[in-house]
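A look at the structure
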2 protein chains.
Amino acid sequence: MQRPNTATLSGFMDLTPEYQAAFDKIKQTIANVHSAYGFSSIDTPLIYRKEILLAKAGGDTEKQIYEMTRGETDLALRFDQTVPLAVYVANKQSELAFPFKVSQIGKVYRGERSQKGRFREFYQCDADVIGRGELPIAYDAEVIAILNDIFTELDLGKFTIRIANRKLLLGFLESLDLTDGQRVATTSAIDHAEKISGDEFKEMLREIGLDEERILRVFEFIELDGTNADILRNLTVMNITNDDFKQGLRELREVTDLLAAYDNVKIDLMIVRGLDYYTGTVFETILDKHPEIGSVGSGGRYDNLCDNYTSEKFQGVGGSVGLSRLFYVLTEIGLVKPSVKTSAEILVIPFGESQIGAANLLANKLRGEGKRVMVLYDGWKIGKKMEFANKIAVPFVAVIGENEVTSGRYGLKNMVTGEEVQEVL
Amino acid sequence: MQRPNTATLSGFMDLTPEYQAAFDKIKQTIANVHSAYGFSSIDTPLIYRKEILLAKAGGDTEKQIYEMTRGETDLALRFDQTVPLAVYVANKQSELAFPFKVSQIGKVYRGERSQKGRFREFYQCDADVIGRGELPIAYDAEVIAILNDIFTELDLGKFTIRIANRKLLLGFLESLDLTDGQRVATTSAIDHAEKISGDEFKEMLREIGLDEERILRVFEFIELDGTNADILRNLTVMNITNDDFKQGLRELREVTDLLAAYDNVKIDLMIVRGLDYYTGTVFETILDKHPEIGSVGSGGRYDNLCDNYTSEKFQGVGGSVGLSRLFYVLTEIGLVKPSVKTSAEILVIPFGESQIGAANLLANKLRGEGKRVMVLYDGWKIGKKMEFANKIAVPFVAVIGENEVTSGRYGLKNMVTGEEVQEVL
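Residues numbered from 1 in each chain as written. Chains lettered and ligands numbered in written order. Predicted model: local features only at pLDDT ≥ 70, side-chain atom pairs only at ≥ 80, totals over all residues. Heavy atoms only, no water.

Now for the interface of chain A and chain B. Counting residues at the interface gives 95 residues for chain A and 96 residues for chain B. Across the chain A/chain B interface, buried area totals approximately 7800 Å², and carbon plus sulfur atoms make up 51% of it. Sorting the residues of chain A by area buried against chain B places T6(A), D43(A) and R70(A) first, and these three jointly supply 9% of that buried surface. Connecting chain A to chain B are 44 residue pairs in polar contact (both at pLDDT 80 or more). Here the element with the most residues in the side of chain A that touches chain B is helix α1 (residues 17–36) of chain A; it accounts for 5 residues. Residue classes in the side of chain A that touches chain B are distributed as 48 nonpolar, 20 polar and 27 charged. (Contact = heavy atoms within 4.5 Å. Buried area = accessible area lost by both parts, 1.4 Å probe. Polar contact = N/O pair within 3.5 Å; in protein donor to acceptor, adjacent residues only side chain to side chain. Helix = DSSP H or I, 4+ residues; strand = E, 2+ residues; numbered from the N terminus. Nonpolar A, V, L, I, M, F, W, Y, C, P; charged D, E, K, R; others polar.)

All names here are of chain B. Residue position: D126 is located in strand β6 (residues 121–132). The charged side chain of D126 is buried without a salt bridge, its nearest counter-charge being R78 at 8.2 Å. What D126 contacts, discounting residues up to four positions off in sequence, is H34, Q81, V102, S103, Q104, G319 and S320. (Buried < 20%, exposed > 50% of the residue type's maximum accessible area, 1.4 Å probe, protein only. Lys, Arg positive; Asp, Glu negative; His and termini not counted. Salt bridge = Lys/Arg side-chain N within 4 Å of Asp/Glu carboxyl O.)

Let us now look at the domain arrangement of chain A. The domains assigned to chain A are domain 1 (17–332) and domain 2 (346–424). The straight-line distance from the C-alpha centre of domain 1 of chain A to that of domain 2 of chain A is 51 Å. (Domains from an automatic or database assignment.)

A separate point is the side chain of R78(A). Residues and elements named next belong to chain A. Inspection of the secondary structure puts R78 in the loop between β4 (73–77) and α4 (82–92). As a buried residue without a salt bridge, R78 has its nearest oppositely charged side chain in D43, at a separation of 5.5 Å. At 2.7 Å, the side chain of R78 forms a polar contact with the side chain of T44. In contact with R78, not counting residues within four places along its chain, are T44, P45, L46, Y48, L53, P84, G106, K107, V108 and Y109.

A few words now on the confidence of the model for chain A. Model confidence for chain A is summarised by a mean pLDDT of 94, while 99% of its residues fall at 70 or above. Here the prediction assigns the complex a pTM of 0.95, and the interface score ipTM is 0.94. (pLDDT = per-residue confidence, 0-100.)

Residues and elements named next belong to chain B. Assignment of secondary structure puts S175 in helix α6 (residues 166–175). A relative accessible area of 26% means that S175 is categorised as partly exposed. Each C-alpha atom of the pair S175 and D378 lies 77 Å from the other, and the pair is 203 residues apart in sequence.

Before going further, it helps to spend a moment on helix α12 (residues 323–332) of chain A. Residues and elements named next belong to chain A. Burial analysis of α12 places 7 of its 10 residues in the buried class, the great majority of the element. Taken together, the buried positions of α12 are occupied by L323, S324, L326, F327, Y328, V329 and L330. Summarising the contacts, the buried residues of α12 are in contact with α1, β6 (121–132), α5 (138–154), β9 (281–287) and β11 (314–322). Looking one or two places after α12, you find G334, whose phi comes out positive at around 85°.

Here's what the structure looks like:
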């Protein structure tokens, strides 16, 4: 018989139990932080009408979505959780209380060109606050504080949250008297500036049509350095008077003021976070010792969340962790180790078939005390049973034989130290 | 602008936060029981090569799968978690310890004809034990005990786990000297017998070609009643001597013996659980007061798990809860009520903008004590803020104004009783 190729599809993650346990622990940590901030969990569908997913998205997304057809309807898998959230809010606006604080931890799909560390099926862990008609800047600070708590809890070493503001950038570029096209191209160039040399970046700006003076000013802007207070002061003395710049500066000051207690939140005006969605605050998170892996948690403010789906105005701000990629790189650089091979704390082994009943009773008693207990029913010799215990690296083992049943006592063996404690059956 | 149709696709579930919280609670209860039995969690991909998904499946499944193409590869969404598990075991056999006890809680997809209470995207919650080359019947009893624990924990009233054995049925039908085709057709007829009248069932058997005597014997078999001991005794005195019957009877006796402590586990020889997969023990769970909703948890033994994917022999036995459908019917019959509107236990309200810092400090202090705390940053009048607190039905509210900051004390108001307790800021 010809067997089908069962190899895991490229770009898909299929972890062994011990790595899955490590993955789930990170996922649970993120969920716990969302919940600690009172964010409600929702679980949106993975499939939508194609027209919904593409209402805003442009070229690359269209190429990357997984499409299918069911009956007359063109469907596709979601490529992020922001569109599903926008649809959710548009559909359920009358049933929700705003500001709506919401946590989404789920899988999304992008048929990207396959390469190491890039996933086609991956988890996003999003915390968003949605306002109806209004949403104070304090919520921008809140979603950043959530990211800060997540990476503190994950204990991956020092990290920096780099923060900027799209209105500020827009206002700055307006002050340079660029055309609309030049502004968009320059924004995109800044978004890529970190990946190229200074000379290449200059060359890009020249090609966009900026003269040397404007190029110099762009450099000065994105390279503003020092404390947050220094940067805010330097921005103020630039004396740029257009509304976007002033509004962006106000927002950036307010967010950084609210986050003054977090000394790892740094203004960095190179942060753009792509051309889609964001309209105000933008941020990303870098592990200080591993800048090479790029941002591990990012997000920003988007003021037109539901515009494609309803006439009501909704504003949002959200922070997201790309969990699958994060897990992959943490494993690669050794910051995540495989976890336990079994969730069981105790393995109960009936010595023979006639002790299965007693073993089950003991297992149920221990479960009633909140323990996680596995029972091994295989009729193997005791040596092979202990081999299994070692293979799954279970912390404690209890063998229940005739003597144990008669005496009503059993030994609970610590598999690390070898110590055995007598317990009542 | 023409807006796309955002209505949730038919057959997809998109719950408001308070129903989502109730759903998640059930999901967590199931996960906790799996974990209490030491089952490891895995999280398999949702997309597979089409040839993998269809290696075993037949007509209906092929029509129902969601297919897509990426590059040269025909892909489809998984329609259950058994095929993904079989692939997982085949791929990772050298990295796993057997018996492999595994929990899968995830979404699956079937493009069924849309009707009330039938889902196209739905959760399955599976606990399976996989053996390599051998798997004692005690594991059949274990996965049934897990289902029993789940429905006990869910506290949905009395329930009955109905249990049968496919080898026993096969052996019984062999004893009637039927052709292979008649055996398969009769098995299928028994699988549907509960949904039709006795006369209709008889007519089906006649059409299959059974004579009146054989029809009578089929009736006698599936209607065996009384205690489990009664039924086992009646089966024994039938004196059917083929191997399948004897083996099936041994297995059924062993499983029910191991589950003797559970008086809600009843032998019921009408249970078939479809024509695919199962080769031994089969079972389903009925809520005693709501038999009309059908089985809420079912499963069985399948002895050829990975045959389509590897030459190594693997046996499995698993129990599954179809969570989405269960949740839907429990909501319909009033057994599940919407849960809390917010996960927050305490809402902290800064009275004015200048108290945001103090409110954040308090919120973080309370979070440090393990509390789930939401902060409301909107610059509304206090009346509107309290309206929001009532709307989300948060249990406790703390308003932080100038007085609170000055005195270092604040009132924690119980929103149900109206009581207010003074606490230190």
